[in-house]
Amino acid sequence: MRILCIGDVVGSIGCRFLREKLPTLKKVKGIDFVMCNGENSADGNGITPSSANYLLDSGVNVITLGNHSFRRKEAYDFIDENPFIVRPANFPNSTTPGTGIKNIDTGRKIITVINIMGNTFMDNNLDCAFACADSMLKKAESNIIIADFHAEATGEKRAMGYYLDGRVSAMFGTHTHVQTSDAQVLPNGSGYITDVGMTGTIQSVLGVKSEIIINKFRTKLPARFDLADGDCKMECVLFDIDDKTGKTLSAESLRIE
């Protein structure tokens, strides 16, 4: 089974570019299942029912989220009810809309999707990411398990990769919007990349107009993050997974322009 994991989709411009490029990529690469991180898919940050449905209608099978999951209140019920959206599992389960794991029946295989948020350098007081991973794995209904680890620190992501090696089919990192060059199969058969990257405007700072971010760093003043226009990219990683063993056979990072 070939599973494509797409980096953080930024704004309506990123959503439109994904819709433009994904159908051809699925055909050329023989892709069976598509995931993307959609926590920034709405203009102005967060996710809305409209941006989520746009991604799902564009060929995405499951949307994962992150620290901006609940930036838009209009998405709360949608996240809670939609069977194809997964939010970080280490939010408090009793008070937070949605769930951190979904077992998706594709007709061919059940695929388990897990979403966890990191603790280091993140603005949260969430449960320990590693303990959360252990808890989620007990709920998996498939031997094909894909984890989106939404985290800032590369060290924490690498550590989680080795912690999950042999226990999940693949783990891909999100959040930094910068694709790393370490797509690989770890020693015990799990596919891995520290950060899959971003879907959005190339000439930008993480999808935002560069002059806004430069000025924010120089002045230390708050700023409205207006999205940049221009040519786009879709960064992703393709995991080729053995149906029988759930192990990854190969991991290939991609950048589509």
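For the structure itself, look to the data block above.
Sequence positions are assigned chain by chain, starting from 1 and proceeding in written order. Local features in this predicted model are restricted to residues of pLDDT 70 or higher, and side-chain atom pairs are both shown and tallied only at a pLDDT of 80 or more, whereas totals for entire chains, interfaces and linings draw on every residue. Remark: hydrogens and water are excluded; side-chain values derive from all non-hydrogen atoms of the structure.

Here's the deal with helix H5 (residues 154-164)
Right, so step 1: To sort residues, take the accessible area from a 1.4 Å probe on protein chains only and compare it with the maximum for the residue type: under 20% means buried, over 50% means exposed, and anything in between is partly exposed. Under the scheme used here, helices are H or I runs from DSSP no shorter than 4 residues and strands are E runs no shorter than 2 residues, and both carry numbers assigned from the N terminus. When we look at burial in H5, the residues that qualify are Glu 156, Lys 157, Met 160, Gly 161 and Leu 164. One side of H5 holds all its buried residues, which, seen down the axis, span an arc of 140 degrees.
Right, so step 2: Looking at the packing, one finds that the buried side of H5 touches helix H4 (129-137), strand S8 (145-150), strand S9 (170-174) and strand S11 (191-193).
Right, so step 3: Directly after H5, the chain includes Gly 166, whose backbone phi takes a positive value near 90 degrees. Each direction from the helix axis to a C-beta atom contributes to the arc, which is the arc of those directions. Note on contacts: a residue pair qualifies if any of its non-hydrogen atoms lie within 4.5 Å across the two residues.

Let's talk about the nonpolar core
Right, so step 1: Definition used in this section: a nonpolar core is a set of buried Ala, Val, Leu, Ile, Met, Phe, Trp, Tyr and Cys residues joined via side-chain atoms within 4.5 Å. Leu 4, Ile 6, Leu 18, Leu 25, Leu 55, Val 60 and Ile 63 are the most contacted members of the largest nonpolar core, which has 34 residues in total.
Right, so step 2: When residues of this core are traced back to their parent elements, those giving at least two are strand S1 (2-6), helix H1 (11-29), strand S3 (33-37), helix H2 (49-57), helix H3 (76-81), strand S13 (232-241) and strand S14 (248-256).
Right, so step 3: In terms of residue count, H1 provides more of this core than any other element does, 6 residues in total.
Right, so step 4: Sequence-distant contacts of Ile 6, defined by excluding residues within four places in its chain, comprise Leu 18, Leu 22, Val 34, Met 35, Cys 36, Asn 37, Val 196, Thr 199, Met 234, Glu 235 and Cys 236.
Right, so step 5: Listed in part, the 20 residues of the second largest apolar core include Val 62, Ile 146, Phe 172 and Ala 251.

A word on H4
What sets the pattern is the α-helix's 3.6 residues per turn: residues three or four places apart point alike.
Right, so step 1: For H4, every residue scored as buried is listed here: Ala 129, Cys 132, Ala 133, Met 136 and Leu 137. Along the axis of H4, the buried positions cluster into a sector of 130 degrees, meaning they face one direction only.
Right, so step 2: Where H4 is buried, its residues contact strand S6 (101-105), strand S7 (110-117), S8 and H5.

Examining the packing of H1 against H2
Right, so step 1: In this description, a line fitted to the C-alpha atoms serves as the axis of each element, helices being fitted only across the stretch in contact, and the angle between N-to-C directions of two axes falls anywhere from 0 to 180 degrees. Contact geometry of H1 with H2 gives a least axis separation of 9 Å together with a crossing angle of 15 degrees. Between H1 and H2, the angle falls in the class roughly parallel. Once H1 is placed against H2, the crossing between them reads as left-handed. Residues Cys 15, Arg 16, Leu 18 and Arg 19 of H1 form the contact with H2, whose participating residues are Tyr 54, Leu 55 and Asp 57. An angle below 35 degrees is treated as roughly parallel, one above 145 as roughly antiparallel, one from 65 to 115 as roughly perpendicular, and anything else as oblique. It is the rotation of the near helix from the far one that decides the hand of a crossing: anticlockwise by less than a right angle makes it left-handed, clockwise makes it right-handed.

Let's talk about the layout of surface pockets
A water-sized probe, rolled over the atoms, reveals where empty space remains.
Right, so step 1: The calculated volume of the largest pocket comes to roughly 870 Å³.
Right, so step 2: For cavity detection a 1 Å grid was placed over the protein atoms alone, and a set of points counts as a cavity when a 1.4 Å probe fits there but cannot get out; an open set counts as a pocket when protein lies on both sides within 12 Å along at least five of seven lines, with lining residues being those that have an atom within 4 Å of a point. If you go around the largest pocket, you meet 30 residues; those closest to its centre are Asn 40, Asn 45, His 68, Leu 206 and Phe 225.
Right, so step 3: At 3 residues, helix H6 (residues 210-219) tops the list of elements feeding residues into the lining of the largest pocket. Grid points are joined across faces, edges and corners, and a volume is the space filled by probe spheres set on the points.

Some thoughts on the packing of H4 against H5
Right, so step 1: Look at H4 against H5: their axes get within 11 Å of each other, and the N-to-C directions meet at 30 degrees. With respect to each other, H4 and H5 are oriented roughly parallel. Relative to H5, H4 is oriented so that their crossing is right-handed. Residue-level contacts link Ala 129, Phe 130, Ala 133, Asp 134 and Leu 137 of H4 to Glu 156, Ala 159, Met 160, Tyr 163 and Leu 164 of H5.
Right, so step 2: Charged means Asp, Glu, Lys or Arg here, nonpolar means Ala, Val, Leu, Ile, Met, Phe, Trp, Tyr, Cys or Pro, and polar covers whatever is left, Gly included. For the contact of H4 with H5, the per-class residue count stands at 8 nonpolar, no polar and 2 charged.

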